[in-house]
Amino acid sequence: MPLTPSGFTASTSRRRGRGRRRAIIAAVVVVVLAAASGIGYVLKNRSDERATDRRVQAAAAAYLAAWRTLTTTGGTATPASAGSASPASAAPGSGSGAAATPAAAGAVPPGSAAAGGHDGAGRTAVSAVSVPGGIDVAALLTTMADVRDRLLVTGATFTPGSIDRDGRTASAPYVARLDLSGLPAPLEYAGALNLVDTGRGWKVRAEAASVHPALRPGLHLDRTASTGHRGGLLAADGQPLRDSGDLAGNLVGRVDPLSGLQRVYDDRLRAQGGAVVVRDARGATVQTLHTYPMTDGESVRTTLDLRVQQAAETALATAARPTAAMVAIDTRTGGVLALANHPPSGASRAVRGKYPPGSTFKIVTATAALMSGKTASTPLDCTQTVSVGGRTFQNAEAEQFGPIPLRTAFAKSCNTAFIRLEESLPADALEKAAQLYGFDGRAPLDIASVGGSFPTPRDSVESASASIGQARIEVSPLQMASVAAAVASGTWRQPFVAGQPARSNAIPPAVLPPLRDFMRAVVTEGTAASVPMPGEVYGKTGTAEYADGDPPPTHAWFVGYRGDVAFAVVVEDGGFGAETAAPVAARFLTALDGGTVAAPGSGGR
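This structure is a prediction, so every number in the text was calculated from the model and none was measured.

A. Quick peek at helix H8 (residues 306-316). Every buried residue of H8 is accounted for by Leu 306, Val 308, Gln 309, Ala 311, Ala 312, Ala 315 and Leu 316. Taken together, the buried residues of H8 touch helix H5 (245-252), strand E14 (324-330), strand E15 (336-342) and helix H17 (577-592). Of the residues flanking the start of H8, the one acting as N-cap is Asp 305, its side-chain oxygen 2.9 Å from the backbone nitrogen of Arg 307.

B. Helix H12 (residues 415-423), seen in detail. For H12, the buried fraction is high: seven of the nine residues fall into the buried class. By the burial criterion, the buried members of H12 are Asn 415, Thr 416, Ala 417, Phe 418, Ile 419, Leu 421 and Glu 422.

C. Quick peek at the packing of H8 against H17. Contact pair H8 / H17: the axes reach a minimum separation of 8 Å and the direction vectors enclose 140 degrees. Here H8 is positioned oblique relative to H17, judged by the angle of their axes. In this structure, H8 crosses over H17, and the sense of that crossing is right-handed. On H17, the residues touching Arg 307, Val 308, Ala 311, Ala 312, Ala 315 and Leu 316 of H8 are Val 584, Arg 587, Phe 588, Ala 591 and Leu 592. Partitioning the contact of H8 with H17 into residue classes produces nine nonpolar, no polar and two charged.

D. Layout of the nonpolar core. Residues Tyr 437, Phe 439 and Phe 588 are the most contacted members of the largest nonpolar core, which totals 115 residues. Contacts of Phe 439, omitting those with residues within four sequence positions, involve Phe 361, Val 364, Ala 434, Gly 452, Ser 453, Phe 454, Ile 473, Val 475, Gln 479, Met 480 and Val 483. Ala 59, Ala 60, Val 153 and Tyr 189 belong to the second-largest nonpolar core, a separate cluster that totals 45 residues.

E. Structural context of the pattern of salt bridges. Tallying each qualifying case throughout the model produces 28 salt bridges. A salt bridge links Arg 332 to Asp 564, with the shortest nitrogen-to-oxygen separation between them at 3.5 Å. Here Arg 332 is found in the loop between E14 and E15, whereas its partner Asp 564 is found in the loop between strand E25 (554-562) and strand E26 (565-571), with 232 residues between them in sequence. For Asp 564, a relative accessible area of 36% corresponds to the partly exposed category. Ionic pairing is found between Arg 458 and Glu 462, a salt bridge with its closest N-O pair at 2.9 Å. The class of Arg 458 is exposed, set by a relative accessible area of 62%. Note on Glu 462: relative accessible area 10%, which makes it buried. Among the ionic contacts, a cluster of salt bridges with common partners joins Asp 119, Arg 123, Arg 148 and Asp 149.

F. Highlighting the state of the cysteines. For the coordinates displayed, the defined rule picks out one disulfide. Residue pairing for Cys 382: its cysteine sulfur links by disulfide to Cys 414, the two sulfurs lying 2.1 Å apart. Measuring handedness by torsion sign, the sulfur bridge of Cys 382 and Cys 414 sits at about 105 degrees and is right-handed. On the criterion of sequence distance, the pair formed by Cys 382 in strand E16 (residues 379-382) and Cys 414 in the loop between helix H11 (406-412) and H12 is long-range, its members being 32 residues apart. For Cys 414, a relative accessible area of 1% puts it in the buried group.

G. Focus on the packing of aromatic side chains. The tally for this structure, following the rule as stated, stands at 13 aromatic pairs. These aromatic residues form a ring-pair network of at least three members: Tyr 63, Trp 67, Phe 158, Tyr 174 and Tyr 189. Note that Lys 362 overlies the ring of Phe 418, its terminal NZ or CZ placed 5.5 Å from the centroid. Cation over ring: Lys 540 sits above Phe 410, and NZ or CZ is 5.7 Å from the ring centre.

H. The packing of helix H15 (residues 477-489) against helix H16 (residues 512-524), seen in detail. At a minimum axis separation of 9 Å, H15 and H16 run at an interaxial angle of 125 degrees. As far as their axial angle goes, H16 and H15 are oblique. Here H15 and H16 pass one another in a crossing that is left-handed. Counted together, Ala 486, Val 487, Ala 488 and Ser 489 of H15 and Leu 512, Leu 515, Arg 516 and Met 519 of H16 form the full contact between these two elements. The class makeup of the residues in the contact of H15 with H16 is six nonpolar, one polar and one charged.

Procedures and definitions
- Residues numbered from 1 in each chain as written.
- Predicted model: local features only at pLDDT ≥ 70, side-chain atom pairs only at ≥ 80, totals over all residues.
- Heavy atoms only, no water.
- Buried < 20%, exposed > 50% of the residue type's maximum accessible area, 1.4 Å probe, protein only.
- Helix = DSSP H or I, 4+ residues; strand = E, 2+ residues; numbered from the N terminus.
- Contact = heavy atoms within 4.5 Å.
- Polar contact = N/O pair within 3.5 Å; in protein donor to acceptor, adjacent residues only side chain to side chain.
- Axes fitted to C-alpha atoms, helices over the stretch in contact; angles between N-to-C directions.
- Parallel < 35°, antiparallel > 145°, perpendicular 65-115°, else oblique.
- Left-handed = near helix turned anticlockwise from the far one by under 90°.
- Nonpolar A, V, L, I, M, F, W, Y, C, P; charged D, E, K, R; others polar.
- Core = buried A, V, L, I, M, F, W, Y, C linked by side-chain atoms within 4.5 Å.
- Salt bridge = Lys/Arg side-chain N within 4 Å of Asp/Glu carboxyl O.
- Disulfide = S-S within 2.5 Å.
- Phe/Tyr/Trp six-rings, centres within 6.5 Å; stacked < 30°, edge-to-face > 60°.
- Lys NZ or Arg CZ within 6 Å of the ring centre and 35° of its normal.

See below:
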């Protein structure tokens, strides 16, 4: 270090070196800070992009889920089938070929006012994630529903792909898989959704092509009918059921519109195959999307026996009153052999009629008594009247037999004895017995039908009334035929016309011998003894009050079985069961044996 007048001083070159080092360090710090800031910006930008992509994916997923809900509810082929609306671009009449499609053969055509009504949740959900695009949202909903209904969609899955986003717009591909009623394989296709950032979230633009890439304004998807033949509904022996006018109108149903068994078994009866096509507004096919092999429909063999059906129709025609119904059931299986109505062109009272069962319900009351330890010789007092809870019940025509055993009370159909019997039973005994015989309010057949209902009695008066088949109990002839069949076979089976019974209940074995003896006694020494019955017939008469009056008007019943055939006859406003219903049953069995049916006459009470 050089010497100066004031002493030693620092070198100028060294001061410059230290200054340069500080400048370099500062510059490095600036560069590092700038780089860090840039990296942070890049990372934040990438995070924002990923978050935006997730929002787009979520919007697309929500749309596809909502579309699936709309597609799988409320359609003509979905569980809540009621149809839906068709797009404005589809002409009301889709021209030649369209009229023969499965959709046209359904209960309601696409676009009809009667269609739809059960897909509201799906429509609301799609609307929530959509904005107008090439079409408005209402038209989008209509297009979705139209595809569902015309193609008879029964199930759907939509699988999303990877999105492609450019700023505030994005495209989301998907693969659709639609299960179509009656076709062996699903319809699969690839499509794409166009999304837009609305500022309030990402939404899917409403476009016909987003439903299917082949759709454009004025076009719609449709199915062509198979060139195969529809299968037939057959009797047990293979004869066509259409040969019976009563069955054709009240059970078999129609193809256009679908009803009855034609509707129930449409998936099996319908000719299989066809094609999925694109049609224009005139109904002309402009593109075939997929073709399925075409085969004939399957024939469905039922339990119905046309010989038994003819015997039932012949017997009903002799009824003393103009309105009557009859059902016959195979006691071995529970399968329905015949469903007859008089007049045959009227409503199907055999399966849809609702009547009080009257004294035929004493089969159930007797079952409850035998299950509770009573025997055929249990003494009962058959007085002219009996009072319960302030109400007086009486026997028909003021009958009274005094002290008699349960077997005689059943054969003579003594109301007062059965009311006293019910009073001696456990509180739930009658209801338990009714449940054994299927009195639970369920429809027994796949078509519109009525079984038996036994509302729990509200008080002692209603319990007394229920024991003799009154109160609020309702049955159809179909139900009471199944009760008679249960006594014959030992098992109650839900009636059916094809396949197997849906459910069954075993009747306690100890109950059956006395109960069968009771029913035989009705025919040999009881209320139906004066009606000539061909063969060994077991039965129960019934006189069911259905309105107030003095005396009250009544429907007439007779239920029973012979061999493998159980039956129930009801004659509306027929008075006493032994006078009008039992003779019809006798003529039915005579006709079944090939005998000549005599003109109406009167039997015993």
